[in-house]
Amino acid sequence: MVASSNFRFRLESVLIYLGLGIFAFIAVTPFLHTIARSFSAEAPILRGEVYIWPVGFSFDAYERLIIGGTFWLAYRNSFLITTSATLVQMIMTILCAYPLSRTYLPGRNILMTLIVFQMIFPPSLIPFYLTVREVGLIDSWGSLIWPYAINTFNMIVLKSYFQALPRELEESAIIDGANDFKVLIYIMLPLSVPVLLTLTLFYVVANWNLFLPAIFFINDGNKQPLQVILRDMIWSMQLATQTASADDFERLAGMEALKASSVIIAAIPMLVAYPFFQRFFIKGILLGAIKG
Amino acid sequence: MATSAVSNSTATSGRRRTFWAQFLFNAWTYRYLYLMLVFPFVFFIIFRFYPMWGNIIAFKKYQLMHGIWGSEWVGFKHFNTLFDDPAFMRVLRNTVSIAVFKLVFTFPAPILLALFINEVRHMAYKRFVQTVVYVPHFLSWVIYGAILYIVLSPANGIVNNVVAAFGLEKVAFFQKPGYFQPIVIISSLLKETGWAAIIYLATIATIDLTLYEAAIIDGANRWQLMRYVTLPGLAMTIVTLFILQIGFFLNVGFEQIFILQNNMVLMTADVIETFIYRVGIRQARFDFTTAAGLFNGLVGMVLVLLADRLAKRLDLPGIF
């Protein structure tokens, strides 16, 4: 009896381990396939011989991309957009969250009501687009920064965090003659480093992956961020392979491997940063679970 | 009569004076805090509240040279056109269909994943599975979409290689309208399930271990522990997230769908948000699509408020 239930437990464990393994494998296969293609020679790819291991190992696609240089522009743009947007967003989020975390501040309830209202009734795309146009931000990086200066959810997370810090710290500093800016900078912010770091990472990932705002507001190809440039590259290659005739073969040479390696090059920064992000993001998602 | 009127007026003016005095006193006392709020509220006013007024062009014939305010009123004309438009009806059907599928499949998936990950006692294996299933969350939909295009490529993607290896005919997944919604659902499952499981795993970690010990002494097996200890421990989180999901029912994933769709599958792939973008910004029919946006926004708001009411009735914290 005991032996059989023990056997059953073992068997179930094996099945659970196996099921999770299969799910993880399916989730990761698309990446492995793409990586394998990016390192493969063109002919085996076209013959459908590449699965998750490169066939006819070749660096050609990467060489062409690195020499081609489109990605340097894309990286540069995305880097500049991400750093400036994150800086603006962190400053604005702190400036908004701190006063609203002071429960004694007169008028705080009205302001919170307004903020909750714009959360449940966010501006719809067209009026938002027309506003950005009226402000004159179209075709500038400002359109990717200012209209997104505060993520309300992040702001509320930070507000709750400030609110949970003991009042006495603030009071004693005020008695010692500090004003609210000094309290914020010298007392509150140093005490909030973990949550500030997490929010910074949230903003960094969102800014680096930013795509739709650039589609809406930026027409100038030289100002596009990485995501838009990658999509245009993939689409033009996709179109070229679909409409090509046999004598175009010269021009199309290496296109499949090239497509795969562009995706990998675009994904590298996130994959490199991932182990670092994983730690802080999990903390962050739990912070978010604390009610505002 | 007269005296009471006089005393009345002095009372109000007195109250008004104290109100303003109080106001000025507060403004001065808390001047640094209010000063901090200036820039954030300039942001909210310009980019969050001002566009709400812009919604009135849903009731106007918008002309660039007249601007939002100067354009002529047309009443509910755009709404009538919208609801008579078979294309918009199709868009509504697609949106609701994708939303329902997401609710049915992508909502329970992370709960199951968390329950199973929780059964893994082997720490290294557990960490391995978690690491692998969280990764795709960090990649943008552009990258993930491009990977899907490669993997599902009709000529030589891995899926069709496998299909061909079984002797079946290769499928052009991105050209058949029938495959679009399944692709959307499956790709969100693969990309986001792992990440969404984190919150459940964290909740499981807070369940009192003595409950498990007591159940084990009473002879509960693995499934009984899951059913009678872990799931009840998760109930609060599940219901709260479910209500949130209901509230944001119509947000079916603008970026994902925009990236995956193409003209050949628009029949099943066009949802409210992509419709507004394509017809509104691309074809510059601002007023007409603002009506669609306003409709979308109002339905969304009603759903959020209903969900919040429901949460409060169930004694849950609610959305706000």
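Residues numbered from 1 in each chain as written. Chains lettered and ligands numbered in written order. Predicted model: local features only at pLDDT ≥ 70, side-chain atom pairs only at ≥ 80, totals over all residues.

Chemist: Sorry, what's going on with the overall build of chain A here?
Modeler: On a plain count of helices and strands, chain A comes out with 15 helices and 0 strands. In summary, chain A has a C-alpha radius of gyration of 26 Å against a globular reference of 19 Å for 292 residues, an excess of more than 25%. Projected onto the principal axes, the alpha-carbon positions of chain A cover approximately 80 × 75 × 35 Å. The buried share among the 292 residues of chain A stands at 35%. Summarising the internal contacts of chain A: among those between residues at least 6 apart in sequence, 70% fall at separations of at least 24. (Helix = DSSP H or I, 4+ residues; strand = E, 2+ residues; numbered from the N terminus. Rg over C-alpha atoms; globule rule 2.2 N^0.38 Å. Buried ≥ 20, exposed ≤ 12 C-beta atoms within 10 Å, placed from the backbone. Contact = placed C-beta atoms within 7 Å.)

Chemist: Any chance you could explain the domain arrangement of chain B here in plain terms?
Modeler: When the parts come together, some accessible area is lost, and that loss is often what is quoted as the size of the interface. Residues and elements named next belong to chain B. The domain boundaries assigned to chain B delineate domain 1 (2–73) and domain 2 (77–313). Computed over C-alpha atoms only, the centres of domain 1 and domain 2 are separated by 40 Å. With 6 residues of domain 1 at the contact, the number on the domain 2 side is 6 residues. A breakdown of the residues in the side of domain 1 that touches domain 2 according to their chemical character gives 3 nonpolar, 1 polar and 2 charged. (Domains from an automatic or database assignment. Nonpolar A, V, L, I, M, F, W, Y, C, P; charged D, E, K, R; others polar.)

Chemist: What's the story with the domain arrangement of chain A in this structure? I'm lost.
Modeler: Residue and element names in this part refer to chain A. The assigned domain composition of chain A is domain 1 (1–58) and domain 2 (62–292). Relative placement of domain 1 and domain 2: their C-alpha centres are 33 Å apart. Listed as interface residues are 8 residues of domain 1 and, on the opposing side, 8 residues of domain 2. Those elements giving two or more residues to the side of domain 1 that touches domain 2 turn out to be helix 1 (2–38) and helix 2 (42–46). Considering every element that reaches the side of domain 1 that touches domain 2, the biggest residue donor is helix 1, with 4 residues.

Chemist: Explain the interface of chain B and chain A here, please?
Modeler: In this complex, chain B contributes 69 residues to the contact, which on the side of chain A involves 72 residues. Here the side of chain B that touches chain A takes 16 residues from helix 2 (residues 31–54) of chain B, the largest share from any one element. Tallied by class, the residues present in the side of chain B that touches chain A amount to 52 nonpolar, 13 polar and 4 charged.

Chemist: Would you explain the nonpolar core in this entry?
Modeler: Within the largest apolar cluster, 127 residues are counted, with the highest numbers of intra-cluster contacts made by A:Leu158, A:Leu230, B:Ile143, B:Ala146 and B:Ile147. Excluding anything up to four places from it in sequence, B:Ala146 contacts A:Leu230, A:Ile234 and A:Val263. (Core = buried A, V, L, I, M, F, W, Y, C linked by C-beta atoms within 7 Å.)

Chemist: Help me understand the packing of helix 4 (residues 70–101) of chain A against helix 2 of chain B in this model?
Modeler: A pair of packed helices can be characterised by two numbers: the angle between their axes and the separation between those axes. Put simply, helix 4 of chain A and helix 2 of chain B touch, their axes get as near as 8 Å, and they point 125° apart. Relative to helix 2 of chain B, helix 4 of chain A is oriented oblique. At the point where helix 4 of chain A passes helix 2 of chain B, the crossing takes the left-handed sense. The residues of helix 2 of chain B that touch helix 4 of chain A, namely those facing A:Met92, A:Leu95, A:Cys96, A:Tyr98 and A:Pro99, are B:Leu33, B:Met36, B:Leu37, B:Phe39, B:Pro40 and B:Phe43. Class assignment of the residues belonging to the contact of helix 4 of chain A with helix 2 of chain B gives a composition of 11 nonpolar, no polar and no charged. (Axes fitted to C-alpha atoms, helices over the stretch in contact; angles between N-to-C directions. Parallel < 35°, antiparallel > 145°, perpendicular 65-115°, else oblique. Left-handed = near helix turned anticlockwise from the far one by under 90°.)

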